[in-house]
Amino acid sequence: MSKATTTDRRSPGPHLADSHDVIRVHGARENNLKDVSIEIPKRRLTVFTGVSGSGKSSLVSDTIAAESQRLINETYSAFLQGFMPNRARPEVDVLDGLTTAIAVDQQRMGGDPRSTVGTATDANAMLRILFSRLAEPHIGPPSAYSFNTASVSASGGIRVDRGAEKTKTVKATFSRTGGMCTRCEGRGKVSDIDLTQLYDDSKSIAEGAFTIPGWKSDNVWTVGLYAQSGFLDPNKPIRRFTKKEMRDFLYGEPTKVKVNGVNLTYEGLIPKIQKSFLSKDKEAMQPHIRAFVERAVTFTTCPECDGTRLTEAARSSRIGEVSIADACAMEIRDLAEWVRSLDEPSVTPLLTALQGTLDSFVEIGLGYLSLDRPAGTLSGGEAQRVKMIRHLGSSLTDVTYVFDEPTIGLHPHDIQRMNDLLLRLRDKGNTVLVVEHKPETIAIADHVVDLGPGAGTAGGTVCFEGTVEGLRAAGTVTGRHLDDRARLKETVREPTGALEIRGASANNLRDVDVDIPLGVLTVVTGVAGSGKSSLLHGSIPSDAGVVSVDQSPIKGSRRSNPATYTGLADPIRKAFAKANGVKPALFSANSEGACPTCNGAGVIYVDLGMMAGVDTPCEDCEGKRFQASVLEYRLGGRDISEVLAMPVAEAEEFFGAGEARTLAAHRILERLADVGLGYLTLGQPLTTLSGGERQRLKLATHMADKGGVYVLDEPTTGLHLADVEQLLGLLDRLVDSGKSVIVIEHHQAVMAHADWIIDLGPGAGHDGGRIVFEGTPADLVADRSTLTGEHLAAYVGA
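Visitor: Describe the overall build of the protein, and please don't skip the residues or the numbers.
Guide: The helix and strand tally for the protein stands at 29 helices and 27 strands. Over its C-alpha atoms the protein spans a radius of gyration of 30 Å, differing by no more than 12% from the 28 Å that the globule rule assigns to 798 residues. Taken along its principal axes, the extent of the C-alpha atoms in the protein is 100 × 80 × 75 Å. The buried share of the protein, reckoned over its 798 residues, is 50%. If you take every contact in the protein between residues at least 6 apart in sequence, the share linking residues at least 24 apart comes to 66%.

Shown next, in the form of structure tokens:
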């Protein structure tokens, strides 16, 4: 009887464990999601589509991945949780069927000057061990080959307690051999300040010798401090200072002095400039301050280590003819071949692991990088692919991988390789969730979720679920535009001049000479790593009047928002102040108008130690950030918190007519709408913006500049197919208004719309760095001599 019962339990049919084949989301309300309920199939590739701001990342990253990672953290002890990032539970009613989530996002890697591709992966650590075992002469342990480790030595007496009231003094010596260059401290570059840009040495301080922005003669904190410090003669021309006076003037140690009865700290001009200007992010500076810093400060290669960051001992220790500096400077595909050629049984496991990591770089299309490449210089797409490397050879299955636009920065030729990697992860039994706009990647999906119909408050609902063919027939914005193809222009603009670049040799460029036409829309293209950024960001003369707009992060706290970054907040505050007869400072959440309970943050953060911290809306201001008395003042029937909660499109209409009509604010809002950011709210924290949104925000800010030449770095990043057309219209308006627009771009719609194309290649790294085509898009399609030409011809159906 017992045996029969056991047999019955194992009878053929679906096992209960196999019924958990979907991730079930019910009632998701994170950010702009409106009670979203969907079922996502496991062990399949699901692509999430929709216009920018429709809620894709809110559903995938901020809800599914965030809750998975929070639940995993809760499996650790309370002690360990205290060292982990605190995660609040997302706004969702039910999340069932979650598996371990690994998020591979497009956030750029840290901009620390000591962080490189090698240190950001395991490659550098393995190379250091390899050299410490095999290199001759032997100079010490792995730390001796590390540019992040300084040599340290110390000796002295230490007291040792042994039993009750028994102490003994023991002499101890400590030393550690590091590979850090002492001159540049492992940075590879040294900064020099051009003193002629700080002061006119023919004048005295009293005569206004300082040429630093904001340093006026009546400013007691700057000029007044030097004039009345007692260390210097304010009436003597600076060039006549004695050696002691010059040393005190330039390098004086911080010293307390009294100026006009006020206690101040005097220090030398060089450290003061470094603290006042060089410690700040250039992007956050006002234009005239930024121009001063670029003029006064030069970064040059360290003369002692020649930019390798390493000591002479580390550079002289070699395996065969190769030092660790040489190995890190090689292209990774060449380094992989060199490692493969080593035959030393004692380190075989290490060589195998290192070989696997380097081969993963090549496989993922990053073989053109070198390990000494600063991590902060990688594009968002390159950074995302570097993060993918550690997952390619993983033996884990039934994992949920979350990718945020993995095709960013990829030439059409490289997108197929990325698609193959995504399918490979799926075929190992993993759930792959991809937020994507590119039709080539949408086409390989097993399941598609289309969010929308609009952006911001107009989005947040599921418009379609199903197959790619079903999406095409669904009639959603994505479905209608999925097969869009831009046409080649019948006529192109004639250039009004040329921007000459001669002998460009930055990174992999091979002595490139090129004339970039002005007064037209020029697209610079080529496979990833072919030298596009090196040509435009590293080779254009500094006096060419170029406005460069990239996707680098905008520094700022969660108090920073589009209104404060673009300068929109000032005219809004002044308009409120004028309408109500009060001070503008009342309408700043960082100044007099701030709610005293939350200090204008809008939330109260409760730190629960090892438990997840909680952000709760401030009970006094209800998350509005302002004092109740400030919210009584109105402009056009709205208070200041209601205005900051408006999307750009609504605010543009609000400030364009009626009682609230404010021309200065309306002009800025028009520019924000022009670049496709009409869905952003004025008070949305900058920390929540994607790379593409950051770039378009910078573009909107720079559109008011007087510069005649704009350089844009992949402006289609993060743009839905329907928004690309709007971007092309914006680029046309910029060119028609007399600007010259140069775009680094892979999107075929932008290439087809260009007046002139410069194609670099033919490959990446040392296989690139040359101009392989210059001409009109029609000529490129007809020629078909390059990879870009072949893909563009296929795109336009030629």
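And the narrative resumes.
Visitor: Give me the lowdown on the sheet that holds strand 20 (residues 521–525), citing residues and values where you can.
Guide: Spatially, 21-24-25-20-26-27 is the arrangement adopted by the six strands of the open sheet, whose pairing is mixed. A strand with exactly one partner marks an edge of an open sheet, and here the two such strands are strand 21 (546–549) and strand 27 (770–775). Each strand of the sheet is rotated relative to its neighbour by a mean of 15°, with strand direction disregarded. Sheet strands touched by helix 19 (residues 532–539): strand 20, strand 21, strand 24 (709–713), strand 25 (740–744) and strand 26 (756–761). Its angle to strand 25, the strand with the most contacts, is close to 140°.

Visitor: Please give an account of the environment of I23 that cites residues and values.
Guide: With respect to the secondary-structure elements, I23 resides in strand 1 (residues 22–28). In this structure the C-alpha to C-alpha distance between I23 and G409, which are 386 residues apart in sequence, comes to 30 Å. Once residues within four sequence positions are removed from consideration, I23 is found in contact with I38, E39, I40, K42, D96, G97, L98, T400 and T431.

Visitor: Break down the nonpolar core for me, citing the residues and quoting the values.
Guide: Looking at soluble globular proteins, one finds that nonpolar side chains tend to be buried together. Counting 70 residues, the largest nonpolar core has I572, I640, F655 and L682 as its most contacted members. Here this core gets seven residues from one element, more than from any other, and that element is helix 26 (residues 721–736). The residues contacting L682, other than those within four sequence positions of it, are N561, P562, A563, L568, I572, V643, L644, M646, V648, A651 and L669. The next biggest cluster of nonpolar side chains, apart from the first, holds 68 residues, and it includes L342, Y368, V386 and M388.

Visitor: Would you mind going over a nonpolar patch on the surface in detail, with residue names and values included?
Guide: On the surface, a cluster of nonpolar side chains totalling about 470 Å² of accessible area is made up of Y76, F79, L80 and F83. For F83, the location among the structural elements is in the loop between helix 3 (78–81) and strand 4 (94–96).

Visitor: Now, about the pattern of salt bridges: what can you tell me, with residues and values included?
Guide: Tallied over the full model, the rule gives 33 salt bridges. Where D736 meets R493, a salt bridge forms, and the shortest distance between an N and an O atom there is 3.3 Å. In this pair, D736 sits in helix 26 while R493 sits in the loop between helix 18 (477–481) and strand 18 (497–504), placing the two residues 243 residues apart along the sequence. Where E642 meets R634, a salt bridge forms, and the shortest distance between an N and an O atom there is 3.5 Å. Under the relative-accessibility criterion, E642 is labelled partly exposed at 32%. You can call R634 partly exposed: its relative accessible area is 38%. A network of salt bridges, in which partner residues are shared, links K489, R493, D732, D736 and D755.

Visitor: Requested: an account of the packing of helix 5 (residues 123–134) against helix 13 (residues 348–363), with residues and values cited.
Guide: Between helix 5 and helix 13, the least distance of the axes is 10 Å, while the angle of their chain directions is 150°. When the axis of helix 5 is compared with that of helix 13, the two are roughly antiparallel. Between helix 5 and helix 13 lies a crossing of left-handed hand. Residue-level contacts link A123, M126, L127, I129 and L130 of helix 5 to L350, L351, A353, L354 and T357 of helix 13. Tallied by class, the residues present in the contact of helix 5 with helix 13 amount to nine nonpolar, one polar and no charged.

Visitor: Tell me about helix 13, and name the residues and values.
Guide: In this model, helix 13 (16 residues) spans 22 Å end to end at C-alpha, consistent with the 22 Å of a helix rising 1.5 Å per residue. Two residues or fewer after helix 13 comes G365, characterised by a positive phi angle close to 90°.

Visitor: Would you mind going over the state of the cysteines in detail, with residue names and values included?
Guide: Evaluated as defined, the whole model comprises zero disulfides. No disulfide involves C598; its nearest neighbouring cysteine sulfur is the one of C621, lying 3.7 Å away. Free of any disulfide, C621 has its nearest cysteine sulfur in C618, 3.7 Å distant.

Visitor: I'd like a description of the sheet that holds strand 2 (residues 36–41), backed by residues and values.
Guide: Read across the sheet, three strands follow the order 2-1-4 without closing on themselves; strand pairing throughout is antiparallel. The sheet is open, and its two borders are formed by strand 2 and strand 4, each paired with just one other strand. The sheet shows a mean angle of 5° between the axes of neighbouring strands, taken without regard to direction. With three bridges connecting them, strand 1 and strand 4 associate as antiparallel partners. Counterpart to V25 in the pairing with strand 4 is L95.

Visitor: Which residues make up the environment of G708, and what are the values?
Guide: Along the chain, G708 turns up in the loop between helix 25 (691–702) and strand 24. Considered as a pair, G708 and Y226 are 482 residues apart in the sequence and their alpha carbons are 40 Å apart. Residues within four places of G708 in sequence aside, it is in contact with G545, K739 and S740.

Visitor: So what's going on with the packing of aromatic side chains? Residues and values would help.
Guide: Within this structure, the stated rule accounts for 15 aromatic pairs. Ring pairing ties together the aromatic residues Y199, F210, W215, Y226, F231, F241, F249 and Y266, which thus form one cluster. Taking NZ or CZ as reference, R309 lies 5.0 Å from the ring centre of F147, over its face.

Conventions we followed
Residues numbered from 1 in each chain as written. Predicted model: local features only at pLDDT ≥ 70, side-chain atom pairs only at ≥ 80, totals over all residues. Heavy atoms only, no water. Helix = DSSP H or I, 4+ residues; strand = E, 2+ residues; numbered from the N terminus. Rg over C-alpha atoms; globule rule 2.2 N^0.38 Å. Buried < 20%, exposed > 50% of the residue type's maximum accessible area, 1.4 Å probe, protein only. Contact = heavy atoms within 4.5 Å. Pairing = 2+ DSSP bridges. Axes fitted to C-alpha atoms, helices over the stretch in contact; angles between N-to-C directions. Core = buried A, V, L, I, M, F, W, Y, C linked by side-chain atoms within 4.5 Å. Patch = residues over 30% accessible without salt bridge, like charges linked within 9 Å, V, L, I, M, F, W, Y side chains within 5 Å. Areas by Shrake-Rupley, 256 points an atom, 1.4 Å probe, with all protein chains shown as cover. Salt bridge = Lys/Arg side-chain N within 4 Å of Asp/Glu carboxyl O. Parallel < 35°, antiparallel > 145°, perpendicular 65-115°, else oblique. Left-handed = near helix turned anticlockwise from the far one by under 90°. Nonpolar A, V, L, I, M, F, W, Y, C, P; charged D, E, K, R; others polar. Expected span 1.5 Å × (residues − 1). Disulfide = S-S within 2.5 Å. Phe/Tyr/Trp six-rings, centres within 6.5 Å; stacked < 30°, edge-to-face > 60°. Lys NZ or Arg CZ within 6 Å of the ring centre and 35° of its normal.

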